[in-house]
Amino acid sequence: MTRHAMPELQAIELVVFDWDGTLMDSEGRIVASMQAAFTDMGRPPPPSAAVREVIGLGLEEAILRLPGVSADQGLSEIIARYRHHFLVTNTIPTPLFEGAKALVEALHQRGQLLAVATGKSRKGLDQALDQTGLRPWFHATRCAEETASKPHPGMLHELMDELGVKPADTLMIGDTDYDLLMAQNAGVRALAVGYGTQSPARLLEHKPLGCASSIALLSEWLLR
């Protein structure tokens, strides 16, 4: 990530973070929970790579992209079993990436408007916000089940409307091309992070402002 490619932070009123793969390292639990949900339904579990490919989408949209699933073939049951495993039974840790909490707190202390736009369910995001202690620092949040899933711009449009911020004054930060395409569709600048689900090369194809290889580098720019 090069400094000269970055806009000045004072030109940004609202910073919107994706959650999974951007602030929280939850890939392992997502993959295991999805595979367990399919197993519960007597179906072959999808390959790990296939599950990683759909992380970032709303849950329904994600499952429908997996092999052998259609809207009329057990979709609601798979969703229910996934949520049960992810929220209740699965014990794979889902820590924040090192430095993520400090970054969010520091941005809030500087008066930055902060929001979350995520494919997680509302219950899942609320659980994560409470477990991590990050809830007080975000001014607004949106989940895919409350509006259209990424890459539709609905979540960003609603967050900007709620907080009274224009697209030109908003920055989206995420680890998937779904985040970057959502930003493009909303007319919002985007910054990729390359330590999450998708490779930096794939992310850079969508021409974000840059691609941070670590929370430390992301913080260096956002807090400079």
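About the criteria used
- Residues numbered from 1 in each chain as written.
- Predicted model: local features only at pLDDT ≥ 70, side-chain atom pairs only at ≥ 80, totals over all residues.
- Heavy atoms only, no water.
- Helix = DSSP H or I, 4+ residues; strand = E, 2+ residues; numbered from the N terminus.
- Rg over C-alpha atoms; globule rule 2.2 N^0.38 Å.
- Buried < 20%, exposed > 50% of the residue type's maximum accessible area, 1.4 Å probe, protein only.
- Contact = heavy atoms within 4.5 Å.
- Lys, Arg positive; Asp, Glu negative; His and termini not counted.
- Charge placed at Lys NZ, Arg CZ, Asp CG, Glu CD.
- 1 Å grid on protein atoms, 1.4 Å probe; cavity = no way out; pocket = protein on both sides within 12 Å on 5 of 7 lines; lining within 4 Å.
- Points joined across faces, edges and corners; volume = space filled by probe spheres on them.
- Nonpolar A, V, L, I, M, F, W, Y, C, P; charged D, E, K, R; others polar.
- Core = buried A, V, L, I, M, F, W, Y, C linked by side-chain atoms within 4.5 Å.

1. Some remarks on the overall build of the protein
A count of helical and extended segments in the protein gives 10 helices and 6 strands. Against the globule reference of 17 Å for 224 residues, the protein gives a C-alpha radius of gyration of 17 Å, in line with a compact fold. With respect to the three principal axes, the spread of C-alpha positions in the protein is 55 × 35 × 30 Å. For the protein, with 224 residues in total, the buried portion stands at 52%. If you take every contact in the protein between residues at least 6 apart in sequence, the share linking residues at least 24 apart comes to 66%. Placing the 20 positive and 27 negative side-chain charges of the protein at their respective mean positions leaves the two points 2 Å apart.

2. Here we look at empty space enclosed by the protein
Under the counting rule described, the total for this entry stands at 1 cavity of 30 Å³ or more. One number sums up the size of the largest cavity: a volume of about 40 Å³. Around the largest cavity sit Met 24, Arg 29, Phe 86, Thr 94, Lys 120, Gly 124, Gln 127, Ala 128 and Gln 131, which together line it. A per-element tally of the lining of the largest cavity places helix H6 (residues 122-132) first, with 4 residues. Among the residues making up the lining of the largest cavity, the classes are represented as 3 nonpolar, 4 polar and 2 charged.

3. Here's the deal with the nonpolar core
By size, the foremost hydrophobic cluster in this structure holds 31 residues, and its most contacted members are Phe 17, Trp 19, Phe 138, Ile 173, Leu 218 and Leu 222. Secondary structure elements with two or more residues in this core: strand S1 (14-17), helix H5 (100-109), strand S2 (113-118), H6, strand S4 (170-174), strand S5 (189-193) and helix H10 (215-222). If we ignore the near neighbours within four places in the chain, the residues touching Ile 173 are Val 15, Val 16, Phe 17, Asp 18, Thr 22, Leu 191, Val 193, Leu 218 and Leu 222. Residues Val 31, Phe 38, Val 54 and Ala 62 belong to the second largest nonpolar core, which totals 21 residues.

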